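Structural overview for review
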Amino acid sequence: MKENVFIVHRSEIIRKGLSLILQEYFKMEIPQLNSAKDLSSFSGISNSTMIIILDAQADLNLQAIDQLKRNNEVYLVGFYTENLEETFNKTFDYQLNHYSSPLQIQKLIQVIRQSGGKNKSAMQDNGELTSREKDVIKLIALGLANKEIADKLFISIHTVISHRKNITEKLGIKSISGLTVYAIMNNLLDIQDINPEELI
Amino acid sequence: MELFRREDKMSSLITRNYNLLPVINRFGIRLGFKEKTIAEVCMEKDIDTDFFLAIVNTYTDESYFPEAEFLSFSPILLIDYLKNTHRYYINYVLPKIERLLNQVIESCPDNCSSLKMINTFYQKYKAELLLHLKLEDEKVFPYILNLYENKTLSPEGSFIEVIENEHTNVEVKLSDLENLIIRHLSPNYGDNAMNEFLTALLQFENDLNDHARIEDHILITQVIEFEKELKK
């Protein structure tokens, strides 16, 4: 799948800085936009993985983003210039702040790429789960709700739901108890961790 | 596949689709037909031939579903048939599947913990299915029979909406069970034992799907219409 990265921020210093760091990993031109509404001029793109790094404290133009979501796999990364923990916004799939180290940024990109090109990876590894999907299935088996899974993994509920959808598609298993059996059979979970009476 | 007609030989029904064997038994029909036609056997056994044909054709051709025709049959006829089917599941199919699963477990040489998980999952599925059948036998069917007999709406409200949801839940578990075995379980068992178990399971699934189709699309549709009329 094609990859597109956008940086949307009011501050030119941040735009240029982020772009410099990210170019090392993506090896491509990264469009830098002043405001999210400028995203609408990219609505012609389809079938791509889109990573959009957004100024978390500015007005989000969700309309432009929703339009992109229709034809692409869109990952929103909130960029904060304040303390993370307190300002975590559920709109974003991931988050960064101005103190994020290049290593953190690199890791984030890896995670996005793993959950991203899933069409590609499903073919490559015969429907093997990604490590993120394994994290999710473990928590499902432990009986956590979507919201709790989102909080635990620092991702949005939207992302949890999309992981669940992918897991079910790959494994052909829908029920929670079926997923639990899968997790135990594949040593993602120990049988001692669950109450077989309750969950299965 | 071509549909069965009243003048077809009863024996050809079985040679063309042997999955119908338990279905004809549910009507009280047994083998040894000689040259009798479907209509003749039905008359002997006092079975509504059109109803019999509608059922066997539904089981034979997935696209065949004579809704208008079905809807003209008495729900009492349907319930009688559905109850017989439940008995067949409870007294014969489920014990058989369980026996075959135990044989699979016995055929596992070592480290059978995954198979035991499958067994636990099956037990969970079975419990849920039995609960569902019990709900229909003890609550839903009597409710419907009572509705048609007294022609008044019960103050407790309708049970009808409940079953359709229930069906999907039970179906999901069965399909999960199959996928766990076919796709994810490492083959630590005797192949013949597993093949027998899986064949029985898949056959049961087909039977259940047709059964649910008759309940959801015919019986429930009929009752909902009838309830609406009573409300007028």
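Just above sits the structure.
This report concerns the structure included in the present document. Starting from 1, residues in each chain are numbered consecutively following that chain's sequence as written. Throughout, the order in which chains and ligands are written sets their labels, letters from A for the former and numbers from 1 for the latter. Owing to the predicted nature of the model, reporting of local features is limited to residues with pLDDT of at least 70; listing and counting of side-chain atom pairs is limited to 80 or more, with chain, interface and lining totals taken over all residues. Where side-chain values are given, they derive from all heavy atoms of the structure, hydrogens and water being excluded.

1. Brief notes about the overall build of chain B
Heads up, the condition is: Helix numbering and strand numbering both begin at the N terminus, where a helix is a DSSP run of H or I of at least 4 residues and a strand a DSSP run of E of at least 2. A 1.4 Å probe rolled over the protein chains alone gives each residue an accessible area, and that area as a share of the maximum for its type sets the label: buried under 20%, exposed over 50%, partly exposed in between. Note that accessible areas follow from Shrake-Rupley with a 1.4 Å probe, and for residues the cover is restricted to the protein chains shown.
Counting its regular elements, chain B contains 9 helices and 0 strands. Looking at chain B as a whole, 49% of its 232 residues are labelled buried. Of the roughly 11,900 Å² of accessible surface on chain B, 49% is carried by carbon and sulfur atoms.

2. Examining the packing of helix H6 (residues 131-141) of chain A against helix H9 (residues 176-185) of chain A
Residues and elements named next belong to chain A. How we decide: Between N-to-C directions, angles span 0 to 180 degrees; the directions come from axes that are lines fitted to C-alpha atoms, helices contributing only their stretch in contact. Throughout, the term roughly parallel applies to angles under 35 degrees, roughly antiparallel to angles over 145, roughly perpendicular to angles from 65 to 115, and oblique to all others. Each crossing is labelled by how the near helix is turned from the far one, with a counterclockwise turn of less than a right angle marking it left-handed and a clockwise turn marking it right-handed. Contact definition: two residues touch when any of their heavy atoms are within 4.5 Å. Polar here means any residue outside two lists: the nonpolar Ala, Val, Leu, Ile, Met, Phe, Trp, Tyr, Cys and Pro, and the charged Asp, Glu, Lys and Arg; Gly therefore counts as polar.
Between H6 and H9, the least distance of the axes is 9 Å, while the angle of their chain directions is 120°. With respect to H9, the axis of H6 lies oblique. The two elements H6 and H9 meet at a crossing, and its hand is left-handed. Here H6 contributes Ile137, Ile140 and Ala141 to the contact with H9, which in turn contributes Ile176, Leu179, Thr180, Tyr182 and Ala183. Among the residues forming the contact of H6 with H9, the class breakdown is 7 nonpolar, 1 polar and no charged.

3. Points about the pairing of strand S4 (residues 73-80) of chain A
Residue and element names in this part refer to chain A. Under the convention used in this document: Any two strands between which DSSP finds at least two bridges are classified as paired. Viewed with both strands pointing away, a crossover whose connecting path from the first strand over the helix to the second turns clockwise is right-handed.
Among the 8 residues in S4, 8 count as buried, and that is most of the element. Every second residue of S4 is oriented toward a common face, with Glu73, Tyr75, Val77 and Phe79 on one face and Val74, Leu76, Gly78 and Tyr80 on the other, all of them buried. Bridge count for strand S3 (residues 48-55) against S4 is 7 bridges, and the pairing is parallel. Paired with Ile51 across the bridge in S4 is Tyr75. Between S3 and its parallel partner S4, the chain crosses via helix H2 (residues 62-71), and the hand of that crossover is right-handed. Pairing of S4 with strand S5 (residues 94-97), which is carried by 4 bridges, proceeds in the parallel orientation. Across the sheet, Phe79 pairs through a bridge with Leu96, a residue of S5.

4. Looking at the pattern of salt bridges
Note the following rule: Just to be clear on terms, a salt bridge is a Lys or Arg side-chain nitrogen sitting within 4 Å of an Asp or Glu carboxyl oxygen.
Applying the stated criterion across every chain yields a total of 13 salt bridges over all chains. Two residues, Lys170 of chain A and Glu133 of chain A, come together in a salt bridge whose shortest N-O distance is 2.8 Å. Of this pair, Lys170 of chain A sits in helix H8 (residues 157-171) while Glu133 of chain A is found in helix H6, placing the two residues 37 residues apart along the sequence. On the basis of relative accessible area, Lys170 of chain A is assigned to the buried category, the value being 11%. Classification of Glu133 of chain A as buried rests on a relative accessible area of 2%. With its nearest N and O atoms 2.8 Å apart, the salt bridge here joins Lys126 of chain B to Glu98 of chain B. Placement of Lys126 of chain B in helix H7 (residues 113-150) and of Glu98 of chain B in helix H6 (residues 75-106) is noted, with a sequence separation of 28 residues between them. In this structure Lys126 of chain B comes out as buried when scored by relative accessible area, which is 17%. Note on Glu98 of chain B: relative accessible area 22%, which makes it partly exposed.

5. Points about the sheet that holds S4 of chain A
All names here are of chain A. On the basis of which strands lie adjacent, the open sheet formed by 5 strands has the order S2-S1-S3-S4-S5 and parallel pairing. Edge positions in the sheet fall to strand S2 (32-33) and S5, since each has one partner strand and no second. As defined by bridge partners, strand S1 (residues 2-8) adjoins S2 across 2 bridges and the pair is classed as parallel. The partner of Ile7 across the bridge, within S2, is Gln32. Strand contacts of helix H1 (residues 12-26): S1, S2, S3 and S4, with the helix running at about 160° to S1, the strand carrying the most contacts. In the packing of H2 onto the sheet, the strands contacted are S3 and S4, and the crossing angle to S4 comes to about 145°.

6. Structural notes on the pairing of S3 of chain A
Residues in a regular strand point their side chains to alternate faces of the sheet. All names here are of chain A. In terms of burial, S3 is largely enclosed, as 8 of its 8 residues are buried. Here S3 shows two buried faces, one formed by Ser48, Met50, Ile52 and Leu54 and the other by Thr49, Ile51, Ile53 and Asp55. Relative to S3, S1 runs parallel, the two sharing 7 bridges. When the bridges of S3 are listed, Glu3 appears paired with Thr49.

7. Here's the deal with H6 of chain A
What H6 of chain A keeps buried is the set Arg132, Glu133, Val136, Ile137, Leu139, Ile140 and Ala141 of chain A. Where H6 of chain A ends, the next residue or the one after it, Gly143 of chain A, has phi of about 90°, a positive value.

8. Some remarks on the state of the cysteines
All names here are of chain B. Filter applied, for reference: What counts as a disulfide here is a pair of cysteine sulfur atoms lying within 2.5 Å.
Applying the stated criterion across every chain, the model contains 1 disulfide over all chains. Here Cys108 connects covalently by a disulfide to Cys112, the sulfurs 2.0 Å from one another. Note on the Cys108 and Cys112 pair: the S-S dihedral is about -100°, so by sign convention the disulfide is left-handed. Each member of the pair Cys108 and Cys112 is classed as buried.

9. Section: the packing of aromatic side chains
Any aromatic ring pair is given by two values, namely how distant the centres are and how the planes are angled relative to each other. All names here are of chain B. What counts is decided by this rule: Centres within 6.5 Å are what make two rings of Phe, Tyr or Trp a pair, Trp counting through its six-membered ring; a difference in plane orientation under 30 degrees is then read as stacked, over 60 as edge-to-face, and the rest as tilted.
According to the stated counting rule, one finds 11 aromatic pairs over all chains in the structure shown. Where Phe27 meets Phe51, the ring centres are 6.0 Å apart and the plane angle is 65°; that geometry is what we call edge-to-face. Remark: Phe51 occurs in helix H4 (residues 49-60) and Phe27 occurs in the loop between helix H2 (21-26) and helix H3 (38-45); sequence separation between them is 24 residues. Like Phe51, Phe27 is buried. Ring pairs connect the aromatic residues Phe27, Phe51, Phe52, Phe73 and Tyr81, which therefore count as one cluster.

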